[in-house]
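Inside the fold
Here's the letter readout for the chains.
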Amino acid sequence: MLRTKSNAPYHADYELILSLIEPRSKVLDLGCGNGELLYRLIHERQVNGRGVDINEKNIIQCITKGLSVFQGNIDEGLAEYQDKSYDYVILNQTLQATHKPEFVIKEMLRVGKKAIVSFPNFAHWQLRAQLFFSGRMPKTSHLPFEWYDTVNIRFLTIRDFRVFCKQKDIHILQEIDMGYFGQNLIARINPNLFAVEGLFIITER
Amino acid sequence: MVCWPLKKDNVVLILHALSGDAHAAGYHTTKDTKPGWWDTMIGPGKAFDTNKYFIICSNFLGGCKGSTGPSSIDPATGKPFGMNFPMITIKDMVTAQKKLLEHLEIDSILCLAGGSMGGMQALQWMIDYPGMVKSAIPMATTARLSPQAIAFNEVGRKAIIGDKNWNNGDYYTSTPPNLGLSVARMIGHITYLSDEGMHLKFGRRLQNKEEYGYELSSEFAVESYLHYQGDKFTERFDANTYIYLSRAMDYFDLAGVYGSLTEAFRNVQSKALVISFTSDWLFPPYQSKEIVKAMMNNDKDVSYIEIFSSYGHDAFLLETEHLTLIVESFLSTVTKEFCDASDKK
(Lines give C-alpha, C1' and ligand atoms only; values in the text may rest on other atoms or scores of the structure.)
Protein backbone atom coordinates (compact mmCIF):
# COMPACT_ATOMS: atom_id res chain seq x y z
CA MET A 1 0.00 0.00 0.00
CA LEU A 2 2.75 2.38 0.88
CA ARG A 3 5.50 2.75 -1.64
CA THR A 4 7.99 4.34 0.68
CA LYS A 5 10.37 1.44 0.83
CA SER A 6 8.99 -1.18 -1.47
CA ASN A 7 11.95 -0.94 -3.83
CA ALA A 8 14.60 -1.01 -1.14
CA PRO A 9 16.41 -4.33 -0.96
CA TYR A 10 16.94 -4.14 2.77
CA HIS A 11 14.17 -3.36 5.21
CA ALA A 12 15.31 -2.30 8.65
CA ASP A 13 11.73 -2.43 9.83
CA TYR A 14 11.27 -5.96 8.49
CA GLU A 15 14.25 -7.11 10.55
CA LEU A 16 12.81 -5.37 13.57
CA ILE A 17 9.37 -6.90 13.18
CA LEU A 18 10.89 -10.32 12.57
CA SER A 19 12.76 -9.99 15.85
CA LEU A 20 9.65 -8.89 17.75
CA ILE A 21 7.30 -11.68 16.68
CA GLU A 22 7.14 -14.79 18.85
CA PRO A 23 7.98 -17.86 16.76
CA ARG A 24 5.02 -20.07 15.84
CA SER A 25 2.48 -17.38 16.66
CA LYS A 26 -0.46 -16.41 14.47
CA VAL A 27 0.06 -13.24 12.48
CA LEU A 28 -2.15 -11.07 10.29
CA ASP A 29 -0.29 -8.55 8.13
CA LEU A 30 -2.48 -5.66 7.00
CA GLY A 31 -1.40 -3.92 3.83
CA CYS A 32 0.93 -6.85 3.24
CA GLY A 33 2.05 -5.59 -0.18
CA ASN A 34 3.90 -8.19 -2.19
CA GLY A 35 4.04 -10.47 0.85
CA GLU A 36 7.75 -10.25 1.51
CA LEU A 37 7.47 -9.65 5.26
CA LEU A 38 4.78 -12.29 5.60
CA TYR A 39 6.86 -14.79 3.64
CA ARG A 40 9.86 -14.15 5.86
CA LEU A 41 7.78 -14.39 9.02
CA ILE A 42 6.46 -17.76 7.89
CA HIS A 43 9.84 -19.14 6.86
CA GLU A 44 12.09 -17.55 9.48
CA ARG A 45 9.76 -17.40 12.47
CA GLN A 46 7.50 -20.34 11.58
CA VAL A 47 4.41 -18.24 12.13
CA ASN A 48 0.94 -19.09 10.91
CA GLY A 49 0.59 -15.99 8.78
CA ARG A 50 -2.12 -14.35 6.66
CA GLY A 51 -2.23 -11.09 4.79
CA VAL A 52 -4.66 -8.43 3.62
CA ASP A 53 -4.05 -6.05 0.76
CA ILE A 54 -6.19 -3.85 -1.43
CA ASN A 55 -4.20 -4.26 -4.63
CA GLU A 56 -4.83 -7.15 -7.02
CA LYS A 57 -1.25 -7.24 -8.32
CA ASN A 58 0.04 -7.51 -4.77
CA ILE A 59 -2.42 -10.29 -4.03
CA ILE A 60 -1.23 -12.22 -7.08
CA GLN A 61 2.39 -11.83 -6.00
CA CYS A 62 1.44 -13.14 -2.57
CA ILE A 63 -0.36 -16.13 -4.10
CA THR A 64 2.72 -16.85 -6.19
CA LYS A 65 4.68 -16.99 -2.94
CA GLY A 66 2.15 -19.52 -1.64
CA LEU A 67 0.67 -17.12 0.91
CA SER A 68 -2.96 -17.02 2.00
CA VAL A 69 -4.18 -13.50 1.47
CA PHE A 70 -7.41 -11.55 1.37
CA GLN A 71 -8.09 -8.74 -1.06
CA GLY A 72 -9.82 -6.05 0.90
CA ASN A 73 -9.77 -2.47 2.03
CA ILE A 74 -8.67 -2.29 5.64
CA ASP A 75 -10.51 1.01 5.97
CA GLU A 76 -13.68 -1.05 5.74
CA GLY A 77 -12.66 -3.06 8.79
CA LEU A 78 -11.86 -6.68 9.40
CA ALA A 79 -15.39 -8.10 9.44
CA GLU A 80 -14.15 -11.44 8.12
CA TYR A 81 -11.91 -11.94 11.15
CA GLN A 82 -13.01 -13.17 14.57
CA ASP A 83 -12.20 -11.46 17.88
CA LYS A 84 -8.74 -12.23 19.23
CA SER A 85 -8.12 -14.79 16.50
CA TYR A 86 -4.53 -13.61 15.91
CA ASP A 87 -1.58 -13.18 18.25
CA TYR A 88 -0.34 -10.20 16.27
CA VAL A 89 -1.95 -7.91 13.75
CA ILE A 90 0.66 -5.88 11.89
CA LEU A 91 0.15 -2.55 10.18
CA ASN A 92 3.56 -1.74 8.82
CA GLN A 93 4.02 1.73 7.32
CA THR A 94 0.36 1.95 6.33
CA LEU A 95 -1.43 3.84 9.10
CA GLN A 96 -0.64 7.16 7.46
CA ALA A 97 -2.44 6.01 4.32
CA THR A 98 -5.68 4.93 5.98
CA HIS A 99 -8.86 6.97 5.78
CA LYS A 100 -10.11 5.83 9.16
CA PRO A 101 -7.01 5.29 11.28
CA GLU A 102 -8.88 5.09 14.57
CA PHE A 103 -11.32 2.51 13.25
CA VAL A 104 -8.47 0.50 11.71
CA ILE A 105 -6.57 0.41 14.99
CA LYS A 106 -9.70 -0.56 16.92
CA GLU A 107 -10.27 -3.39 14.46
CA MET A 108 -6.65 -4.50 14.85
CA LEU A 109 -7.04 -4.61 18.62
CA ARG A 110 -10.31 -6.52 18.30
CA VAL A 111 -8.83 -9.18 16.01
CA GLY A 112 -5.34 -9.37 17.53
CA LYS A 113 -4.12 -9.94 21.04
CA LYS A 114 -1.37 -7.48 20.18
CA ALA A 115 -1.08 -4.97 17.38
CA ILE A 116 2.14 -3.76 15.83
CA VAL A 117 1.82 -0.35 14.21
CA SER A 118 4.64 1.47 12.46
CA PHE A 119 4.50 4.77 10.64
CA PRO A 120 6.77 7.54 9.38
CA ASN A 121 7.31 10.29 11.92
CA PHE A 122 6.18 13.47 10.24
CA ALA A 123 7.88 15.53 12.95
CA HIS A 124 11.37 14.40 11.96
CA TRP A 125 13.72 17.37 11.99
CA GLN A 126 14.38 17.20 8.25
CA LEU A 127 10.70 17.49 7.46
CA ARG A 128 10.30 20.30 9.95
CA ALA A 129 13.26 22.15 8.48
CA GLN A 130 12.09 21.76 4.88
CA LEU A 131 8.64 23.03 5.68
CA PHE A 132 10.05 25.85 7.79
CA PHE A 133 12.71 27.09 5.39
CA SER A 134 11.29 26.34 1.96
CA GLY A 135 7.62 26.67 2.84
CA ARG A 136 6.84 23.63 0.74
CA MET A 137 5.66 20.17 1.67
CA PRO A 138 8.75 18.16 2.55
CA LYS A 139 10.21 15.35 0.47
CA THR A 140 12.89 12.94 1.65
CA SER A 141 14.36 9.65 0.50
CA HIS A 142 11.84 8.04 2.86
CA LEU A 143 8.91 10.15 1.75
CA PRO A 144 9.66 11.02 -1.87
CA PHE A 145 6.13 11.93 -2.96
CA GLU A 146 4.64 15.16 -4.21
CA TRP A 147 1.74 16.48 -2.18
CA TYR A 148 -0.65 15.74 -5.06
CA ASP A 149 0.64 12.25 -5.64
CA THR A 150 1.04 10.67 -2.25
CA VAL A 151 -0.83 7.82 -0.62
CA ASN A 152 -0.03 9.42 2.73
CA ILE A 153 -3.01 11.34 3.97
CA ARG A 154 -2.53 11.20 7.75
CA PHE A 155 0.44 13.18 8.91
CA LEU A 156 1.07 11.97 12.41
CA THR A 157 4.05 12.17 14.72
CA ILE A 158 5.39 9.86 17.36
CA ARG A 159 4.08 12.17 20.04
CA ASP A 160 0.67 12.27 18.33
CA PHE A 161 0.45 8.52 18.46
CA ARG A 162 1.30 8.40 22.15
CA VAL A 163 -1.40 10.96 22.88
CA PHE A 164 -3.84 9.03 20.69
CA CYS A 165 -3.22 5.85 22.67
CA LYS A 166 -3.71 7.65 25.95
CA GLN A 167 -6.96 9.26 24.79
CA LYS A 168 -8.33 6.00 23.42
CA ASP A 169 -7.26 3.98 26.42
CA ILE A 170 -4.84 1.87 24.42
CA HIS A 171 -1.93 0.31 26.25
CA ILE A 172 1.53 0.76 24.72
CA LEU A 173 3.55 -2.36 25.46
CA GLN A 174 6.63 -1.20 23.62
CA GLU A 175 7.78 1.78 21.58
CA ILE A 176 10.73 1.51 19.22
CA ASP A 177 12.02 4.59 17.48
CA MET A 178 14.07 4.18 14.36
CA GLY A 179 16.61 6.40 12.66
CA TYR A 180 17.59 6.05 9.01
CA PHE A 181 19.67 2.96 9.71
CA GLY A 182 17.62 1.32 12.42
CA GLN A 183 17.63 2.00 16.11
CA ASN A 184 20.15 4.58 17.31
CA LEU A 185 20.93 6.60 20.37
CA ILE A 186 19.90 9.97 19.07
CA ALA A 187 16.50 8.70 17.95
CA ARG A 188 16.07 7.23 21.40
CA ILE A 189 16.94 10.47 23.16
CA ASN A 190 14.46 12.62 21.26
CA PRO A 191 12.35 10.38 19.06
CA ASN A 192 9.87 12.98 17.93
CA LEU A 193 12.69 15.05 16.47
CA PHE A 194 15.18 12.43 15.35
CA ALA A 195 13.27 9.21 14.64
CA VAL A 196 12.34 8.62 11.01
CA GLU A 197 9.73 6.10 12.00
CA GLY A 198 8.01 4.87 15.09
CA LEU A 199 6.90 1.35 15.87
CA PHE A 200 4.46 0.59 18.65
CA ILE A 201 3.26 -2.68 20.11
CA ILE A 202 -0.14 -1.99 21.58
CA THR A 203 -2.97 -3.89 23.27
CA GLU A 204 -6.43 -3.19 24.56
CA ARG A 205 -6.39 -2.11 28.14
CA MET B 1 7.30 -28.08 -12.62
CA VAL B 2 5.42 -30.84 -14.33
CA CYS B 3 4.29 -33.89 -12.48
CA TRP B 4 4.66 -37.13 -14.32
CA PRO B 5 1.14 -37.80 -15.56
CA LEU B 6 1.07 -41.46 -14.59
CA LYS B 7 1.26 -40.57 -10.92
CA LYS B 8 -2.20 -39.10 -11.35
CA ASP B 9 -1.30 -36.23 -9.09
CA ASN B 10 -1.91 -33.42 -11.58
CA VAL B 11 -5.63 -33.81 -12.01
CA VAL B 12 -7.60 -30.62 -12.44
CA LEU B 13 -11.35 -31.09 -12.34
CA ILE B 14 -13.31 -28.38 -14.12
CA LEU B 15 -16.91 -28.01 -12.98
CA HIS B 16 -19.34 -26.48 -15.41
CA ALA B 17 -22.24 -24.16 -14.69
CA LEU B 18 -25.99 -24.43 -15.33
CA SER B 19 -25.97 -24.31 -19.11
CA GLY B 20 -22.42 -25.59 -19.62
CA ASP B 21 -21.33 -29.09 -20.43
CA ALA B 22 -18.36 -31.42 -20.71
CA HIS B 23 -17.21 -29.60 -23.82
CA ALA B 24 -15.04 -27.12 -21.94
CA ALA B 25 -12.37 -26.35 -24.52
CA GLY B 26 -11.36 -26.82 -28.12
CA TYR B 27 -13.42 -28.08 -31.03
CA HIS B 28 -14.80 -31.60 -30.80
CA THR B 29 -15.97 -31.94 -34.38
CA THR B 30 -15.44 -30.08 -37.59
CA LYS B 31 -19.10 -29.01 -37.36
CA ASP B 32 -18.53 -27.03 -34.14
CA THR B 33 -19.00 -23.33 -34.79
CA LYS B 34 -17.68 -22.36 -31.36
CA PRO B 35 -15.05 -23.83 -29.08
CA GLY B 36 -15.86 -25.11 -25.58
CA TRP B 37 -17.29 -22.73 -22.97
CA TRP B 38 -13.97 -22.12 -21.18
CA ASP B 39 -11.67 -22.36 -24.19
CA THR B 40 -10.03 -19.07 -23.22
CA MET B 41 -8.80 -20.67 -20.01
CA ILE B 42 -8.15 -24.30 -20.89
CA GLY B 43 -5.60 -25.56 -23.40
CA PRO B 44 -1.90 -25.77 -24.16
CA GLY B 45 -0.14 -22.76 -22.64
CA LYS B 46 -3.36 -21.40 -21.16
CA ALA B 47 -4.22 -20.91 -17.47
CA PHE B 48 -5.35 -24.50 -17.08
CA ASP B 49 -2.45 -25.73 -19.12
CA THR B 50 -3.14 -29.07 -20.73
CA ASN B 51 0.60 -29.58 -21.13
CA LYS B 52 0.98 -29.55 -17.36
CA TYR B 53 -2.30 -30.75 -15.95
CA PHE B 54 -4.61 -33.66 -16.57
CA ILE B 55 -7.85 -31.83 -17.06
CA ILE B 56 -11.24 -33.44 -16.63
CA CYS B 57 -14.63 -31.92 -17.25
CA SER B 58 -17.70 -34.11 -17.16
CA ASN B 59 -21.40 -33.44 -17.67
CA PHE B 60 -23.01 -33.15 -14.29
CA LEU B 61 -25.85 -35.34 -13.14
CA GLY B 62 -29.25 -34.05 -14.22
CA GLY B 63 -27.96 -32.35 -17.35
CA CYS B 64 -29.07 -32.90 -20.93
CA LYS B 65 -25.67 -33.18 -22.62
CA GLY B 66 -24.66 -36.73 -21.89
CA SER B 67 -25.34 -37.56 -18.27
CA THR B 68 -28.65 -38.76 -16.93
CA GLY B 69 -31.38 -36.15 -16.59
CA PRO B 70 -35.08 -35.52 -17.20
CA SER B 71 -34.62 -35.90 -20.97
CA SER B 72 -32.96 -39.32 -20.60
CA ILE B 73 -34.89 -42.49 -21.26
CA ASP B 74 -36.44 -44.07 -18.16
CA PRO B 75 -35.56 -47.79 -18.52
CA ALA B 76 -38.81 -48.69 -16.74
CA THR B 77 -41.05 -47.05 -19.33
CA GLY B 78 -38.83 -46.69 -22.35
CA LYS B 79 -39.80 -43.01 -22.47
CA PRO B 80 -38.02 -39.90 -21.25
CA PHE B 81 -38.25 -39.35 -17.49
CA GLY B 82 -39.71 -35.87 -17.78
CA MET B 83 -41.22 -34.87 -14.46
CA ASN B 84 -40.72 -38.42 -13.13
CA PHE B 85 -37.05 -37.72 -12.80
CA PRO B 86 -36.13 -37.56 -9.10
CA MET B 87 -35.20 -34.21 -7.58
CA ILE B 88 -31.42 -33.89 -7.49
CA THR B 89 -29.05 -31.74 -5.48
CA ILE B 90 -25.59 -30.25 -5.98
CA LYS B 91 -24.37 -32.93 -3.58
CA ASP B 92 -25.77 -35.65 -5.86
CA MET B 93 -23.83 -34.16 -8.78
CA VAL B 94 -20.64 -34.30 -6.76
CA THR B 95 -21.34 -37.90 -5.70
CA ALA B 96 -21.76 -38.84 -9.35
CA GLN B 97 -18.51 -37.12 -10.32
CA LYS B 98 -16.73 -38.95 -7.51
CA LYS B 99 -17.88 -42.20 -9.05
CA LEU B 100 -16.46 -41.13 -12.39
CA LEU B 101 -13.08 -40.43 -10.77
CA GLU B 102 -13.21 -43.81 -9.04
CA HIS B 103 -13.81 -45.36 -12.41
CA LEU B 104 -10.79 -43.48 -13.75
CA GLU B 105 -8.82 -44.70 -10.70
CA ILE B 106 -8.06 -41.18 -9.59
CA ASP B 107 -7.91 -40.67 -5.85
CA SER B 108 -6.41 -37.22 -5.67
CA ILE B 109 -7.45 -33.93 -7.24
CA LEU B 110 -4.78 -31.25 -7.48
CA CYS B 111 -7.32 -28.54 -8.14
CA LEU B 112 -11.06 -28.08 -8.58
CA ALA B 113 -12.24 -25.07 -10.48
CA GLY B 114 -15.61 -23.76 -11.49
CA GLY B 115 -17.76 -20.66 -11.65
CA SER B 116 -21.33 -20.11 -10.56
CA MET B 117 -23.03 -23.51 -10.16
CA GLY B 118 -19.61 -25.02 -10.88
CA GLY B 119 -18.31 -23.13 -7.86
CA MET B 120 -21.08 -24.63 -5.74
CA GLN B 121 -19.95 -28.09 -6.79
CA ALA B 122 -16.38 -27.14 -5.92
CA LEU B 123 -17.45 -26.16 -2.40
CA GLN B 124 -19.45 -29.36 -2.01
CA TRP B 125 -16.49 -31.41 -3.26
CA MET B 126 -14.16 -29.82 -0.69
CA ILE B 127 -16.60 -30.63 2.08
CA ASP B 128 -17.56 -34.15 0.97
CA TYR B 129 -14.11 -35.45 0.05
CA PRO B 130 -11.66 -33.41 2.10
CA GLY B 131 -8.77 -35.84 1.83
CA MET B 132 -9.02 -36.02 -1.92
CA VAL B 133 -9.06 -32.35 -2.88
CA LYS B 134 -5.72 -30.56 -2.59
CA SER B 135 -6.98 -27.20 -3.74
CA ALA B 136 -10.00 -25.44 -5.17
CA ILE B 137 -10.88 -22.25 -7.04
CA PRO B 138 -14.56 -21.44 -6.59
CA MET B 139 -15.47 -18.38 -8.67
CA ALA B 140 -18.50 -16.10 -8.80
CA THR B 141 -20.37 -18.43 -6.53
CA THR B 142 -22.21 -18.72 -3.25
CA ALA B 143 -22.57 -21.15 -0.37
CA ARG B 144 -26.32 -20.61 -0.23
CA LEU B 145 -28.64 -19.28 -2.86
CA SER B 146 -30.01 -15.86 -1.99
CA PRO B 147 -33.76 -15.17 -2.11
CA GLN B 148 -33.09 -12.88 -5.07
CA ALA B 149 -31.46 -15.70 -7.04
CA ILE B 150 -34.27 -18.11 -6.09
CA ALA B 151 -36.75 -15.50 -7.25
CA PHE B 152 -35.17 -15.25 -10.69
CA ASN B 153 -35.06 -19.03 -10.96
CA GLU B 154 -38.74 -19.25 -10.08
CA VAL B 155 -39.71 -16.75 -12.76
CA GLY B 156 -37.73 -18.82 -15.26
CA ARG B 157 -39.48 -22.00 -14.22
CA LYS B 158 -42.86 -20.32 -14.27
CA ALA B 159 -42.22 -19.21 -17.85
CA ILE B 160 -41.55 -22.82 -18.88
CA ILE B 161 -44.45 -24.33 -16.93
CA GLY B 162 -46.79 -21.66 -18.29
CA ASP B 163 -45.90 -22.51 -21.89
CA LYS B 164 -48.82 -24.36 -23.45
CA ASN B 165 -46.44 -26.83 -25.02
CA TRP B 166 -44.90 -27.85 -21.69
CA ASN B 167 -47.66 -30.41 -21.06
CA ASN B 168 -46.52 -31.36 -17.56
CA GLY B 169 -43.08 -32.07 -18.90
CA ASP B 170 -44.30 -34.60 -21.43
CA TYR B 171 -43.33 -32.89 -24.67
CA TYR B 172 -40.60 -35.13 -26.04
CA THR B 173 -42.74 -36.41 -28.91
CA SER B 174 -44.39 -33.05 -29.59
CA THR B 175 -43.36 -29.38 -29.82
CA PRO B 176 -41.21 -28.45 -26.81
CA PRO B 177 -41.98 -25.37 -24.68
CA ASN B 178 -39.47 -23.23 -26.53
CA LEU B 179 -41.15 -19.94 -25.73
CA GLY B 180 -41.03 -20.62 -21.99
CA LEU B 181 -37.46 -21.86 -22.11
CA SER B 182 -36.29 -18.87 -24.12
CA VAL B 183 -37.94 -16.46 -21.64
CA ALA B 184 -36.23 -18.33 -18.80
CA ARG B 185 -32.93 -17.94 -20.58
CA MET B 186 -33.54 -14.25 -21.23
CA ILE B 187 -34.14 -13.67 -17.51
CA GLY B 188 -31.02 -15.68 -16.77
CA HIS B 189 -28.97 -13.55 -19.14
CA ILE B 190 -30.16 -10.33 -17.51
CA THR B 191 -28.84 -11.63 -14.18
CA TYR B 192 -25.52 -12.59 -15.79
CA LEU B 193 -24.86 -9.05 -17.01
CA SER B 194 -24.67 -5.82 -15.08
CA ASP B 195 -26.11 -2.33 -15.38
CA GLU B 196 -22.74 -0.94 -16.37
CA GLY B 197 -22.05 -3.88 -18.65
CA MET B 198 -25.33 -3.34 -20.49
CA HIS B 199 -24.52 0.35 -20.92
CA LEU B 200 -21.19 -0.56 -22.44
CA LYS B 201 -22.40 -3.46 -24.55
CA PHE B 202 -25.71 -2.06 -25.84
CA GLY B 203 -26.48 1.37 -24.50
CA ARG B 204 -29.79 2.51 -25.95
CA ARG B 205 -28.62 1.55 -29.42
CA LEU B 206 -31.18 0.30 -31.88
CA GLN B 207 -30.75 -2.87 -33.84
CA ASN B 208 -30.46 -2.14 -37.58
CA LYS B 209 -32.16 1.22 -37.18
CA GLU B 210 -31.34 4.86 -36.66
CA GLU B 211 -34.56 6.23 -35.19
CA TYR B 212 -37.15 5.03 -32.70
CA GLY B 213 -40.15 3.45 -34.36
CA TYR B 214 -42.46 3.81 -31.31
CA GLU B 215 -43.72 0.30 -31.85
CA LEU B 216 -44.06 -2.91 -29.87
CA SER B 217 -41.78 -5.12 -31.89
CA SER B 218 -38.31 -5.24 -30.41
CA GLU B 219 -35.86 -2.73 -31.77
CA PHE B 220 -33.30 -2.02 -29.04
CA ALA B 221 -30.00 -3.85 -29.32
CA VAL B 222 -30.40 -5.26 -25.84
CA GLU B 223 -33.77 -6.77 -26.78
CA SER B 224 -32.31 -8.29 -29.88
CA TYR B 225 -29.45 -9.79 -27.86
CA LEU B 226 -31.80 -11.37 -25.34
CA HIS B 227 -34.07 -12.78 -28.05
CA TYR B 228 -31.10 -14.23 -29.85
CA GLN B 229 -29.72 -15.81 -26.66
CA GLY B 230 -33.17 -17.14 -25.73
CA ASP B 231 -33.85 -18.67 -29.14
CA LYS B 232 -30.39 -20.15 -29.46
CA PHE B 233 -30.73 -21.76 -26.06
CA THR B 234 -33.84 -23.70 -27.08
CA GLU B 235 -31.80 -25.40 -29.81
CA ARG B 236 -29.39 -26.89 -27.32
CA PHE B 237 -31.16 -27.18 -24.01
CA ASP B 238 -34.04 -29.12 -22.52
CA ALA B 239 -36.77 -27.24 -20.64
CA ASN B 240 -37.35 -29.88 -17.95
CA THR B 241 -33.63 -29.98 -17.32
CA TYR B 242 -33.68 -26.25 -16.74
CA ILE B 243 -36.41 -26.73 -14.14
CA TYR B 244 -34.52 -29.46 -12.29
CA LEU B 245 -31.13 -27.77 -12.36
CA SER B 246 -32.42 -24.40 -11.23
CA ARG B 247 -34.23 -26.19 -8.41
CA ALA B 248 -31.03 -27.99 -7.43
CA MET B 249 -29.42 -24.57 -7.13
CA ASP B 250 -32.30 -23.18 -5.05
CA TYR B 251 -31.82 -25.90 -2.46
CA PHE B 252 -28.07 -25.35 -2.23
CA ASP B 253 -27.53 -24.09 1.31
CA LEU B 254 -24.38 -25.28 3.05
CA ALA B 255 -25.09 -23.21 6.15
CA GLY B 256 -28.54 -24.77 6.40
CA VAL B 257 -27.29 -28.32 5.97
CA TYR B 258 -24.40 -28.06 8.42
CA GLY B 259 -25.89 -25.66 10.95
CA SER B 260 -23.54 -22.86 10.00
CA LEU B 261 -21.14 -22.06 7.22
CA THR B 262 -18.23 -22.29 9.64
CA GLU B 263 -19.38 -25.78 10.60
CA ALA B 264 -19.73 -26.70 6.91
CA PHE B 265 -16.03 -26.05 6.27
CA ARG B 266 -14.81 -27.57 9.55
CA ASN B 267 -13.13 -30.62 8.01
CA VAL B 268 -12.03 -29.16 4.71
CA GLN B 269 -8.36 -29.78 3.97
CA SER B 270 -7.98 -28.06 0.62
CA LYS B 271 -6.15 -24.86 -0.02
CA ALA B 272 -8.68 -22.50 -1.56
CA LEU B 273 -8.74 -19.43 -3.75
CA VAL B 274 -12.12 -17.74 -3.80
CA ILE B 275 -12.69 -15.27 -6.63
CA SER B 276 -15.54 -12.81 -6.96
CA PHE B 277 -16.31 -9.99 -9.38
CA THR B 278 -17.29 -6.49 -8.33
CA SER B 279 -20.30 -6.12 -10.63
CA ASP B 280 -21.72 -9.62 -10.08
CA TRP B 281 -25.12 -8.97 -8.56
CA LEU B 282 -26.37 -12.55 -8.94
CA PHE B 283 -23.75 -13.92 -6.54
CA PRO B 284 -22.25 -10.68 -5.23
CA PRO B 285 -18.79 -10.44 -3.62
CA TYR B 286 -20.26 -10.43 -0.10
CA GLN B 287 -21.40 -14.00 -0.67
CA SER B 288 -17.87 -15.05 -1.59
CA LYS B 289 -16.56 -13.25 1.47
CA GLU B 290 -18.94 -15.32 3.62
CA ILE B 291 -17.27 -18.44 2.25
CA VAL B 292 -13.82 -17.02 2.93
CA LYS B 293 -14.81 -15.91 6.43
CA ALA B 294 -16.19 -19.35 7.27
CA MET B 295 -12.98 -20.98 6.06
CA MET B 296 -10.83 -18.49 7.96
CA ASN B 297 -12.87 -19.17 11.11
CA ASN B 298 -11.57 -22.72 10.75
CA ASP B 299 -8.05 -21.46 10.09
CA LYS B 300 -8.02 -22.91 6.56
CA ASP B 301 -5.59 -21.86 3.86
CA VAL B 302 -7.80 -19.55 1.89
CA SER B 303 -7.16 -16.55 -0.33
CA TYR B 304 -9.68 -14.12 -1.71
CA ILE B 305 -9.57 -11.98 -4.81
CA GLU B 306 -12.24 -9.53 -5.88
CA ILE B 307 -11.70 -8.72 -9.53
CA PHE B 308 -12.82 -5.32 -10.70
CA SER B 309 -15.06 -5.98 -13.68
CA SER B 310 -18.12 -4.58 -15.37
CA TYR B 311 -19.10 -7.92 -16.90
CA GLY B 312 -21.34 -8.94 -14.01
CA HIS B 313 -21.76 -12.61 -13.20
CA ASP B 314 -20.49 -13.57 -16.66
CA ALA B 315 -17.09 -12.13 -15.71
CA PHE B 316 -15.80 -15.57 -14.77
CA LEU B 317 -16.09 -16.48 -18.46
CA LEU B 318 -14.79 -13.17 -19.78
CA GLU B 319 -12.08 -11.74 -17.51
CA THR B 320 -9.52 -13.98 -19.14
CA GLU B 321 -6.48 -11.81 -18.64
CA HIS B 322 -6.95 -11.38 -14.89
CA LEU B 323 -8.02 -14.95 -14.34
CA THR B 324 -5.14 -16.39 -16.33
CA LEU B 325 -2.58 -14.61 -14.20
CA ILE B 326 -4.34 -15.55 -10.98
CA VAL B 327 -5.01 -19.17 -11.86
CA GLU B 328 -1.48 -19.72 -13.20
CA SER B 329 0.02 -18.33 -9.98
CA PHE B 330 -2.22 -20.41 -7.78
CA LEU B 331 -1.74 -23.62 -9.76
CA SER B 332 2.03 -23.25 -9.80
CA THR B 333 2.01 -22.84 -6.03
CA VAL B 334 -0.17 -25.86 -5.36
CA THR B 335 1.89 -27.89 -7.85
CA LYS B 336 5.01 -26.98 -5.88
CA GLU B 337 3.33 -27.75 -2.60
CA PHE B 338 1.65 -30.99 -3.46
CA CYS B 339 3.39 -32.55 -6.45
CA ASP B 340 6.99 -31.61 -5.72
CA ALA B 341 6.53 -32.45 -2.05
CA SER B 342 5.37 -35.94 -2.97
CA ASP B 343 8.35 -36.26 -5.34
CA LYS B 344 10.70 -35.78 -2.42
CA LYS B 345 9.10 -38.50 -0.34
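As the structure is a computational prediction, the values presented were derived from the model and not from experiment. (Residues numbered from 1 in each chain as written. Chains lettered and ligands numbered in written order. Predicted model: local features only at pLDDT ≥ 70, side-chain atom pairs only at ≥ 80, totals over all residues. Heavy atoms only, no water.)

This paragraph deals with the overall build of chain A. Regarding its fold elements, chain A presents eight helices and eight strands. By the compact-globule yardstick of 17 Å for 205 residues, chain A fits well, its C-alpha radius of gyration being 16 Å. Along the first, second and third principal axes, the C-alpha atoms of chain A reach 45 × 35 × 30 Å. The buried share among the 205 residues of chain A stands at 54%. Sequence-distant contacts, at least 24 apart, represent 68% of the contacts inside chain A between residues at least 6 apart. Side chains of chain A carry 25 positive and 23 negative charges; the gap between the two charge centres is 3 Å. (Helix = DSSP H or I, 4+ residues; strand = E, 2+ residues; numbered from the N terminus. Rg over C-alpha atoms; globule rule 2.2 N^0.38 Å. Buried < 20%, exposed > 50% of the residue type's maximum accessible area, 1.4 Å probe, protein only. Contact = heavy atoms within 4.5 Å. Lys, Arg positive; Asp, Glu negative; His and termini not counted. Charge placed at Lys NZ, Arg CZ, Asp CG, Glu CD.)

Residue-level contacts link 25 residues of chain B with 18 residues of chain A. Summing both sides of the interface, chain B and chain A together bury roughly 1,800 Å²; the carbon and sulfur share of this comes to 48%. Summed over the three residues of chain B that lose the most area to chain A, namely Met296(B), Asp299(B) and Tyr304(B), the buried surface amounts to 26% of that side. In this structure, the connection of chain B to chain A is made through three salt bridges. (Buried area = accessible area lost by both parts, 1.4 Å probe. Salt bridge = Lys/Arg side-chain N within 4 Å of Asp/Glu carboxyl O.)

Moving on, we come to helix 7 (residues 239-250) of chain B. Residue and element names in this part refer to chain B. The end-to-end C-alpha distance of helix 7 is 17 Å, a good match for the 16 Å that twelve residues give at a rise of 1.5 Å each. Of all twelve residues in helix 7, eleven are buried, a share of seventy percent or more. Buried within helix 7 are the following residues: Ala239, Asn240, Thr241, Tyr242, Ile243, Tyr244, Leu245, Ser246, Ala248, Met249 and Asp250. (Expected span 1.5 Å × (residues − 1).)

Here we take up unusual backbone geometry. Residues and elements named next belong to chain B. The phi torsion at Asn208 lies on the positive side, around 55°, for a residue other than glycine. By secondary structure assignment, the location of Asn208 is in the loop between helix 5 (195-201) and helix 6 (221-236). Exposure remark for Asn208: the relative accessible area of 74% places this residue in the exposed category. Although it is not a glycine, Asp299 adopts a positive phi angle of roughly 60°. For Asp299, the position within the fold is in the loop between helix 10 (285-297) and strand 10 (302-307).

The next subject is the packing of aromatic side chains. The description of two aromatic rings rests on the distance between their centres and on the angle between their planes. For the structure on display, the rule yields 24 aromatic pairs over all chains. Considering the side-chain rings of Phe122(A) and Phe155(A), the 5.0 Å spacing of their centres and the 75° angle between planes classify their relative orientation as edge-to-face. A residue pair is termed long-range when its members are at least 10 positions apart, and Phe122(A) in the loop between strand 5 (112-120) and helix 5 (125-134) and Phe155(A) in the loop between helix 5 and helix 6 (158-167) qualify at 33 residues. Judged by relative accessible area, which is 18%, Phe122(A) ranks as buried. A centroid spacing of 6.4 Å and a plane angle of 85° characterise the contact between Phe237(B) and Tyr242(B), whose relative ring orientation is edge-to-face. (Phe/Tyr/Trp six-rings, centres within 6.5 Å; stacked < 30°, edge-to-face > 60°.)

The next subject is the pairing of strand 1 (residues 11-15) of chain B. All names here are of chain B. Among the five residues that make up strand 1, five are buried, leaving the element largely enclosed by the rest of the structure. Neither face of strand 1 is exposed, since Val11, Leu13 and Leu15 on one face and Val12 and Ile14 on the opposite face are all buried. With four bridges joining them, strand 1 and strand 4 (residues 54-57) adopt parallel strand pairing. Bridge pairing in strand 4 links Ile14 to Cys57. (Pairing = 2+ DSSP bridges.)

Spatial relationships are all this shows, so hold off on functional conclusions.
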